[in-house]
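# Analysis of the macromolecular model
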Amino acid sequence: MSVLVWVEHDNASVKDATLAAVTAAGKLGDVVALVAGHGAQGAADAAAKIAGVSKVLLADDAAYGHGLAENVAPLIADLMAGYDAFVAPATTTGKNIAPRVAALLDVMQVSEVLSVESADTFTRPIYAGNAIATVKSSDAKKVLTIRGTAFDKAATEGGSAAVEAVSGKGDTGLSSFVGSEIAKSERPELTSAKIIVSGGRALASGENFTSIIEPLADKLGAGVGASRAAVDAGYVPNDYQVGQTGKIVAPEVYIAIGISGAIQHLAGMKDSKVIIAINKDEDAPIFQVADVGLVGDLFKIVPELTEKL
Amino acid sequence: MKVLVPVKRVLDYNVKPRVKADGTGVDLANVKMSMNPFDEIAVEEAIRLKEKGVASEIVVVSIGEQKAQETLRTALAMGADRAILIVSEDKVEPLGVAKLLAKVAEAEQPGLVILGKQAIDDDNNQTGQMLGALLGWGQGTFASKVEVSGDSVEVTREVDGGLETVKLKTPAIVTTDLRLNEPRYASLPNIMKAKSKPMEQKTPADYGVDVTPRLSIVKVEEPAKRQAGVKVADVDELIGKLKTLGVVA
Ligand SMILES: Cc1cc2nc3c(=O)[nH]c(=O)nc-3n(C[C@H](O)[C@H](O)[C@H](O)COP(=O)(O)OP(=O)(O)OC[C@H]3O[C@@H](n4cnc5c(N)ncnc54)[C@H](O)[C@@H]3O)c2cc1C
Ligand SMILES: Cc1cc2nc3c(=O)[nH]c(=O)nc-3n(C[C@H](O)[C@H](O)[C@H](O)COP(=O)(O)OP(=O)(O)OC[C@H]3O[C@@H](n4cnc5c(N)ncnc54)[C@H](O)[C@@H]3O)c2cc1C
C-alpha cells in the first residue's frame, strides 16, 4: 500500500505532530510525505530526513502558503490517484483539510485513529474517549487523521528521501488568509511537553495564573495548560485548553491545579503517565484518575511547592 | 440572506456514557438526549445575525430519528424560523449527512451554513468540511468570531497555536467553536410559539442520496481504566512522591 502523509510545517521546519503520523502511516505501507507550502524547501529538506519517509513531494505555491483547505484539498485529491491512503495528524490543520479531501474522494474519513489493526480496521475514541470503537472501512481509499499521543514519533534523522516537485491548480479563489495571532512562548508546546502544569477556574484570575501556575511551571520546565472554564473566563488564551474540544496531551506528568475533572477535561489528559491533582474538594472527580492527590487550598499549596522544589 | 443550521440530537453532555455489555455501542436507552452543544452555538450565531439584520431567515435541519423533532423544536424556540427533519432510523455517517445537507443547500440557497465543529458523541469533526467540498464553498472552521460584510465573511478560527483569520466568499461554511457565543435559553412564550412553526419531513430517498455507511463498527469497548492513586497529606509528602516517581531530583 502507498500512503500520502500531510506534513505539518511552518515552511522552514517540520512540526512534531507530523512524526506520529509518519509512524502510523508506516504501519500501512510505503510513506510519501507531502509538503504543501510557499518557500517551503526548508520544510521539504527536513521531511526528507525523517526516518521511514521514502519520498517527499513539494508543492510550492503562494496559494498553499497558509494551508488553506480550499486550495490544498484539491491538490491532495488529485495526487491521491496514485495512493491508497491519505494520513494527516489530528491537529487543527489536519482536521480542517482531511475531511475536505475525503469528500472530494467520496470516502468516509476515520478521525483520531488510536491504532492500526489492519489495512482497513482502526480504533478511535468516541464520546470524549469514554468508549473506544473499532471500525472497518469499506472504502477503496482510506482517509485518516492520527491522534499524536497514540503513536511513537518517527526519528527526525536517518532518512534520505528524494524531494520531487509537484503542482496543482493553485488558488481556488474561495478563501484568503487575513492574519493570525500565534502566541510566542518560551515554554514547551503542550502537545510535546514532558511535564504540564494546568490550572482551572479556581485560579480566579489571569494574574493568579501568572503568579501561581507559571512559577511552578518554570521550576519544572513545564508547559502550561488550562481547563475550558479558565479559558472561557479569559485567564489564559484558547490555545491553552486541554480536553475533548481542546488539545489532547499525554505528558510524563500532568499536574491539575484547581480543576474538577469534568469528563470533557479528562478526555484530553487521562493518558498522561502520571497525574497529580491539587484540589480543595476531596470528592473532586479528578482524584479518581490521579496517581497522587493533595487535598487543600491551591493558594497555599502551590507557592509552598514551588519554593521547596 | 438565508442561514442554514444543521443540528444533531446527541447524548446530553452531562450524562456519563456507558458502553453496552454486548460491545455494539453506547447505551442510549432511557438517557437524556439534547442538542449537540456546538449546534446550540451555531443556532445562537444565526439568531444574532438575524438580530443584526444580516440574516433574513433561519432554517434548521436535522438528520435522524423522529425524536430529533424535539431538537428542532428547541432550535425553533431559540429563534429559528422553520425546520426540516430528514428521517433516518439508521445512523447516517458525516459523508452521508454532508451529501444530504448539500441537497438541502442547493434547494434553499443559503448565504451561510453554520454547523458545530464536532458532535460530542462521535467526535468526528468532519461534516462541515465535507459539505464545503461537496458544494465547492469556502470553509471557516472552529470559529470564535464571524463577521459578514457584503458578499464575504471574515472568520476568526481557533487553531493550535492561537487564532487565525480567513476571508471567505459567500456562500460559505462556518463551524463553531466554544467561544463564539453563549447560547440563550428559550423563554416559555417562545417555546409555545415554536410549536406552530413549520416543520417539514423528508427522507434521504427524497433527495436521491445513498447514505449506506462506509464504516462498520466491529466493536465498542471501554477504555483502559486508570487506578485511583494515593492521597498525600502535605507538600513535603508530595515532593517525596515526586522524587520516587523521578519527576524531580
Ligand atoms: C461541549 C463541551 C465541550 C467541553 N470541552 C472542554 C474541554 O475541552 N476542556 C475542558 O477543560 N473543559 C471542557 N468543557 C467544560 C467542562 O465540562 C467543565 O465545565 C470544565 O472542565 C470545568 O473547568 P474547571 O475544572 O476549571 O472548573 P470547575 O469545574 O468549576 O472546578 C474548579 C475546581 O477547583 C476547586 N477549587 C476551588 N477553589 C480552590 C482552591 N482555592 N484550591 C484548590 N482547589 C480549588 C474546586 O473544588 C473545583 O473542583 C466542555 C464542555 C462542553 C459542554
Ligand atoms: C450509538 C451510535 C452508534 C453508531 N453506529 C454507527 C454504525 O453502526 N455505523 C455507522 O456508520 N455510524 C454509526 N454511528 C455514527 C453516526 O452515523 C453519526 O451520527 C454520524 O457519523 C455523524 O458524526 P458526527 O456527528 O460525529 O459528525 P461531526 O462531523 O462531528 O458533526 C459536526 C456537525 O455536523 C452537523 N451534523 C452532524 N450530524 C448531523 C445530523 N445527523 N443532523 C444534522 N446535523 C448534523 C452538526 O452541526 C454537527 O455539529 C453511530 C453513532 C452513535 C451515536
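Residues numbered from 1 in each chain as written. Chains lettered and ligands numbered in written order. Predicted model: local features only at pLDDT ≥ 70, side-chain atom pairs only at ≥ 80, totals over all residues. Heavy atoms only, no water.

### Focus on the UniProt feature "domain: Electron transfer flavoprotein alpha/beta-subunit N-terminal" (unreviewed entry) in chain B
This is how the line gets drawn: UniProt positions are given in the numbering used here, feature names are shortened, and annotations may be inferred rather than shown by experiment. Starting at the N terminus, helices and strands are each numbered in turn, a helix being any DSSP run of H or I of at least four residues and a strand any DSSP run of E of at least two.
Per the UniProt entry, the sites bearing "domain: Electron transfer flavoprotein alpha/beta-subunit N-terminal" (unreviewed entry) are residues 23–211 of chain B in this numbering. Taken end to end, residues 23–211 of chain B has its terminal C-alpha atoms 24 Å apart, with 30% of it in helix and 31% in strand.

### With respect to the site of ligand 2
Rules: Note on terminology: near, applied to a residue and a molecule or strand, indicates that one of the residue's heavy atoms is within 4 Å of it. N or O atoms within 3.5 Å of each other form a polar contact, as long as, within protein, one can give a hydrogen and the other can take it, and as long as residues adjacent in sequence are counted only when both atoms are side-chain atoms. Every accessible area reported is derived by Shrake-Rupley at a probe size of 1.4 Å, with residue values counting cover from the shown protein chains alone. Put simply, Ala, Val, Leu, Ile, Met, Phe, Trp, Tyr, Cys and Pro go in the nonpolar bin, Asp, Glu, Lys and Arg in the charged bin, and everything else, Gly too, in the polar bin.
In the vicinity of ligand 2, 29 residues are found, and the nearest of them are Lys8, Asp39, Ile63, Val92 and Pro94 of chain B. Per-site note: the chains with residues close to ligand 2 are chains A and B. Side-chain polar atom of asparagine 36 of chain B to an oxygen atom of ligand 2: 3.0 Å apart, as the coordinates give it. In the environment of ligand 2, an oxygen atom lies 2.7 Å from a nitrogen or oxygen atom belonging to the side chain of glutamate 93 of chain B. For ligand 2, whose free accessible area comes to 950 Å², the fraction covered by protein is 89%. Of all the secondary structure elements, the ones that give two or more residues to the shell around ligand 2 are strand S4 (57–64), helix H3 (94–108), strand S6 (112–116) and strand S12 (215–221) of chain B. Counted by class, the shell around ligand 2 contains 14 nonpolar, eight polar and seven charged residues.

### Points about the environment of isoleucine 132 of chain A
To keep things clear, this is the line we draw: Whether two residues touch is decided by their heavy atoms; if any such pair falls within 4.5 Å, the residues are in contact.
Within the secondary structure layout, isoleucine 132 of chain A lies in strand S8 (residues 131–137). Once the C-alpha coordinates of isoleucine 132 of chain A and leucine 114 of chain A are considered, the two residues, 18 residues apart in sequence, prove to be 8.9 Å apart. Setting aside residues up to four positions removed in sequence, isoleucine 132 of chain A forms contacts with Leu114, Thr123, Arg124 and Pro125 of chain A together with Lys219, Val220, Glu221 and Pro223 of chain B.

### Thoughts on the packing of aromatic side chains
Quick note on the threshold: Pairing of aromatic rings covers Phe, Tyr and Trp, the last through its six-membered ring, and needs centres within 6.5 Å; plane angles under 30 degrees mean stacked, over 60 mean edge-to-face, and all others mean tilted. For a Lys NZ or an Arg CZ to count as sitting over a ring, it must be within 6 Å of the ring centre and within 35 degrees of the ring normal.
Under the counting rule described, the total for this entry stands at zero aromatic pairs over all chains. The lysine or arginine in question, lysine 117 of chain B, covers the ring of phenylalanine 142 of chain B, its NZ or CZ lying 5.7 Å from the ring centre. The lysine or arginine in question, lysine 231 of chain B, covers the ring of phenylalanine 287 of chain A, its NZ or CZ lying 4.6 Å from the ring centre.

### A closer look at the environment of phenylalanine 209 of chain A
Residues and elements named next belong to chain A. Selection rule: Categorising residues by exposure relies on relative accessible area from a 1.4 Å probe, with only protein chains included: less than 20% of the type maximum marks a residue as buried, more than 50% marks it as exposed, and the intermediate range marks it as partly exposed.
Inspection of the secondary structure puts phenylalanine 209 in helix H5 (residues 206–220). With a relative accessible area of 2%, phenylalanine 209 lands in the buried category. Separated by 68 residues in sequence, phenylalanine 209 and alanine 277 place their C-alpha atoms 16 Å apart. Discounting residues that sit within four places of it in the chain, phenylalanine 209 has contacts with Gly199, Gly200, Leu203, Glu214, Val224, Gly225, Ala226, Ala230, Tyr235 and Val236.

### Observations concerning the pattern of salt bridges
Any two side chains of opposite charge can pair, given that their charged atoms come close. So the rule is basically this: Salt-bridge detection follows one rule: a side-chain nitrogen of Lys or Arg within 4 Å of a carboxyl oxygen of Asp or Glu.
This model, assessed by the stated rule, comprises 34 salt bridges over all chains. A salt bridge links arginine 157 of chain B to glutamate 164 of chain B, with the shortest nitrogen-to-oxygen separation between them at 3.0 Å. Residue classification places arginine 157 of chain B among the buried residues on the basis of a relative accessible area of 5%. Given the relative accessible area of 13%, glutamate 164 of chain B is considered buried. If you follow the salt bridges from partner to partner, you end up with Asp106 and Asp139 of chain A together with Lys99 and Arg214 of chain B in one network.

### Some details on the site of ligand 1
Residues in contact with ligand 1 amount to 30 residues; listed here are only the nearest, Arg201, Ser227, Thr245, Ser260 and Asn279 of chain A. What surrounds ligand 1 is not a single chain but chains A and B. Residue arginine 228 of chain A places a main-chain N or O atom 2.9 Å away from an oxygen atom belonging to ligand 1. Separating an oxygen atom of ligand 1 from a backbone N or O atom of glycine 246 of chain A is a distance of 3.4 Å. Relative to its unbound accessible surface of 990 Å², ligand 1 loses 86% to contact with the protein.

### Describing a nonpolar patch on the surface
Residues and elements named next belong to chain B. This is how the line gets drawn: Only residues above 30% relative accessible area that lack a salt bridge enter a patch, with like-charged residues linked at up to 9 Å and the nonpolar side chains Val, Leu, Ile, Met, Phe, Trp and Tyr linked at up to 5 Å.
On the surface, a cluster of nonpolar side chains totalling about 300 Å² of accessible area is made up of Leu188, Ile191 and Met192. Tracing the sequence through the fold places methionine 192 in helix H5 (residues 188–194). Exposure remark for methionine 192: the relative accessible area of 48% places this residue in the partly exposed category.

### Examining the side chain of serine 175 of chain A
With respect to the secondary-structure elements, serine 175 of chain A resides in strand S11 (residues 175–182). For serine 175 of chain A, the side chain forms a polar contact with the side chain of glutamate 70 of chain A, separated by 2.8 Å. Ignoring anything within four residues of it in the chain, the contact list for serine 175 of chain A reads Leu68 and Glu70 of chain A together with Lys167 and Leu168 of chain B.

### Here's the deal with unusual backbone geometry
All names here are of chain B. Across the junction of threonine 170 and proline 171, the peptide omega takes the value 0°, indicating a cis bond. On the secondary structure map, proline 171 appears in the loop between strand S9 (162–169) and strand S10 (172–176). A positive phi angle, near 55°, is found at asparagine 125, a position not held by glycine. The residue asparagine 125 is located in the loop between S6 and helix H4 (127–135) in this model. The residue phenylalanine 142 is not glycine, and still its phi comes out positive at about 55°. One can find phenylalanine 142 in strand S7 (residues 138–149).

### Concerning the interface of chain A and chain B
Note the cut-off: Simply put, the buried area is the total loss of 1.4 Å probe accessible area from both parts when two parts are fitted together. Whether two strands pair depends on DSSP finding at least two bridges between them.
On the chain B side, the residues contacting the 83 residues of chain A number 78 residues. Carbon and sulfur atoms make up 56% of the area that chain A and chain B hide from each other, which totals about 6,700 Å². On the chain A side of the interface with chain B, the three residues burying the most area are Thr92, Met108 and Tyr127 of chain A, jointly 12% of the side's total. There are six salt bridges connecting chain A and chain B. The shortest N-O distance in the salt bridge between aspartate 236 of chain B and lysine 308 of chain A comes to 3.0 Å. Put simply, chain A and chain B have 48 residue pairs in polar contact (both at pLDDT 80 or more) between them. Considering only residue class, the side of chain A that touches chain B consists of 40 nonpolar, 24 polar and 19 charged. Where strand S16 (residues 292–295) of chain A meets strand S13 (residues 230–232) of chain B, three bridges bridge the pair, whose relative direction is parallel. Looking at the pairing, glycine 293 of chain A lines up with lysine 231 of chain B of S13 of chain B.

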